[in-house]
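Survey of secondary and tertiary structure
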Amino acid sequence: MTVNEARYILTVPRFQRAEAVANAVLADLGYPEPPIDLLRVADLLDCRVRYDTLRGPEGYTLRHHAQYFICVATDVDGYSPEVIRRKQNWTLGHELGHVLLHWDIPWNSTLDLERIPAELESVLEVEAHWCASRLLMPDYVFQSLDDVIPELLADKCGVNIAAATKRLKNLSWIVRERLQALTDLPLERVPAYFDFVGELPEKIWR
Ligand SMILES: [Zn+2]
């Protein structure tokens, strides 16, 4: 089969599928506490992970028979060690997303990957990012108002602030209801309130 055949004509990302697959993996691991150790996910999927100088890409995945090899770049410059560690963790989550979601496309060599049409590749990338986001910041980690502050969520889940901010823009209805019950302030205004007052807005019981 080639990636151009009908089953791989994807024009929109399958967000629900990406989330469901991430949730299934976390269920298998017993819903671990954040920060989620992605090396446990890699073990579960029988992926070998290596950290190496890649001179360009942040990471990539190759397959040899049933074995996946994920390589994560160590030559990530211009950031603090903690930011680099979190970027590498995100890259690992992204590559695990490809393994989980895109196991039925050719991965055997970089040449195979270059044959993937650009339009399809951009959809696959969005799906892998979505899966990484759900592996590292699943619905169940959102338990208190701390979790709607991007910096606090980022620290709790071991991700960078940009990833935490984006995740917070895509909270499910169930999570929103759970957190909104904790405060009278509209949820979107909690970070600004926290910045200004220095404490989280409590629920005012009347
Ligand atoms: Zn990718």
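Refer to the structure presented above.
Residues numbered from 1 in each chain as written. Predicted model: local features only at pLDDT ≥ 70, side-chain atom pairs only at ≥ 80, totals over all residues.

**Thoughts on the overall build of the protein**
On a plain count of helices and strands, the protein comes out with nine helices and three strands. Each helix and strand of the protein, placed in order from N terminus to C terminus, yields the pattern α-α-β-β-β-α-α-α-α-α-α-α. A compact globule built from 206 residues should have a C-alpha radius of gyration of about 17 Å, and the protein, at 19 Å, falls within 12% of that. For the protein, the C-alpha atoms occupy an extent of roughly 65 × 40 × 30 Å along the three principal directions. Within the span of the protein, comprising 206 residues, buried residues form 30% of the whole. (Helix = DSSP H or I, 4+ residues; strand = E, 2+ residues; numbered from the N terminus. Rg over C-alpha atoms; globule rule 2.2 N^0.38 Å. Buried ≥ 20, exposed ≤ 12 C-beta atoms within 10 Å, placed from the backbone.)

**Focus on the nonpolar core**
One finds Leu 96, Cys 131 and Leu 135 to be the most contacted residues of the largest nonpolar core, which totals 40 residues. Listed by contribution, the elements that provide at least two residues to this core are α1 (15-28), α2 (38-44), β3 (67-73), α3 (81-101), α5 (118-136), α6 (150-157) and α7 (161-168). When residues of this core are assigned to their parent elements, the largest contribution, seven residues, is made by α5. When residues of this core are assigned to domains, at least three fall in each of domain 1 (1-136) and domain 2 (139-196). (Core = buried A, V, L, I, M, F, W, Y, C linked by C-beta atoms within 7 Å. Domains from an automatic or database assignment.)

**Some points on the packing of α3 against α5**
At a closest axis distance of 7 Å, the pairing of α3 and α5 adopts a crossing angle of 115 degrees. On the basis of their axis angle, the class for α3 and α5 is roughly perpendicular. Here α3 runs over α5; the crossing is right-handed. Contact residues: α3 offers Trp 90, Gly 93, His 94, Leu 96, Gly 97, His 98, Leu 100 and Leu 101, while α5 offers Leu 124, Glu 127, Ala 128, His 129, Cys 131, Ala 132, Leu 135 and Leu 136. Its residues placed into classes, the contact of α3 with α5 shows 10 nonpolar, five polar and one charged. (Axes fitted to C-alpha atoms, helices over the stretch in contact; angles between N-to-C directions. Parallel < 35°, antiparallel > 145°, perpendicular 65-115°, else oblique. Left-handed = near helix turned anticlockwise from the far one by under 90°. Contact = placed C-beta atoms within 7 Å. Nonpolar A, V, L, I, M, F, W, Y, C, P; charged D, E, K, R; others polar.)

**Side note on α1**
End to end, α1 covers 20 Å across 14 residues, agreeing with the expected 20 Å (1.5 Å per residue, within 8%). Every buried residue belonging to α1 is among Ala 18, Val 21, Ala 22, Val 25 and Leu 26, and all of these are buried. All buried residues of α1 fall inside an arc of 135 degrees around its axis, so they share one side. Facing away from the buried surface of α1 by more than 90 degrees, the exposed residues are Gln 16, Ala 20, Ala 24, Ala 27 and Asp 28. (Expected span 1.5 Å × (residues − 1). Arc of directions from axis to C-beta.)

**Some remarks on the sheet that holds strand β2 (residues 59-64)**
Strands sit in the order β1-β3-β2 across an open sheet of three strands; the sheet is mixed. Each edge of the sheet is formed by a strand with only one pairing partner; in this case those strands are β1 (47-52) and β2. Direction aside, the axes of adjacent strands within the sheet are offset by 20 degrees on average. Judged from the six bridges that link them, β2 and β3 form a sheet pairing that is antiparallel. Looking at β3, one finds that His 64 is bridged to Gln 67. Across the face of the sheet, α3 comes into contact with β1, β2 and β3 while running at roughly 35 degrees to β2. (Pairing = 2+ DSSP bridges.)

**Some words on the packing of α6 against α7**
Relative orientation of the contacting elements α6 and α7 amounts to 110 degrees, with a least axis distance of 8 Å. The angle between α6 and α7 places the two elements in the roughly perpendicular class. Relative to α7, α6 is oriented so that their crossing is right-handed. When α6 is examined against α7, the residues Pro 150, Glu 151, Leu 153, Ala 154 and Cys 157 are found in contact with a partner set consisting of Ile 161, Ala 164, Thr 165 and Leu 168. Of the residues in the contact of α6 with α7, the class split is seven nonpolar, one polar and one charged.

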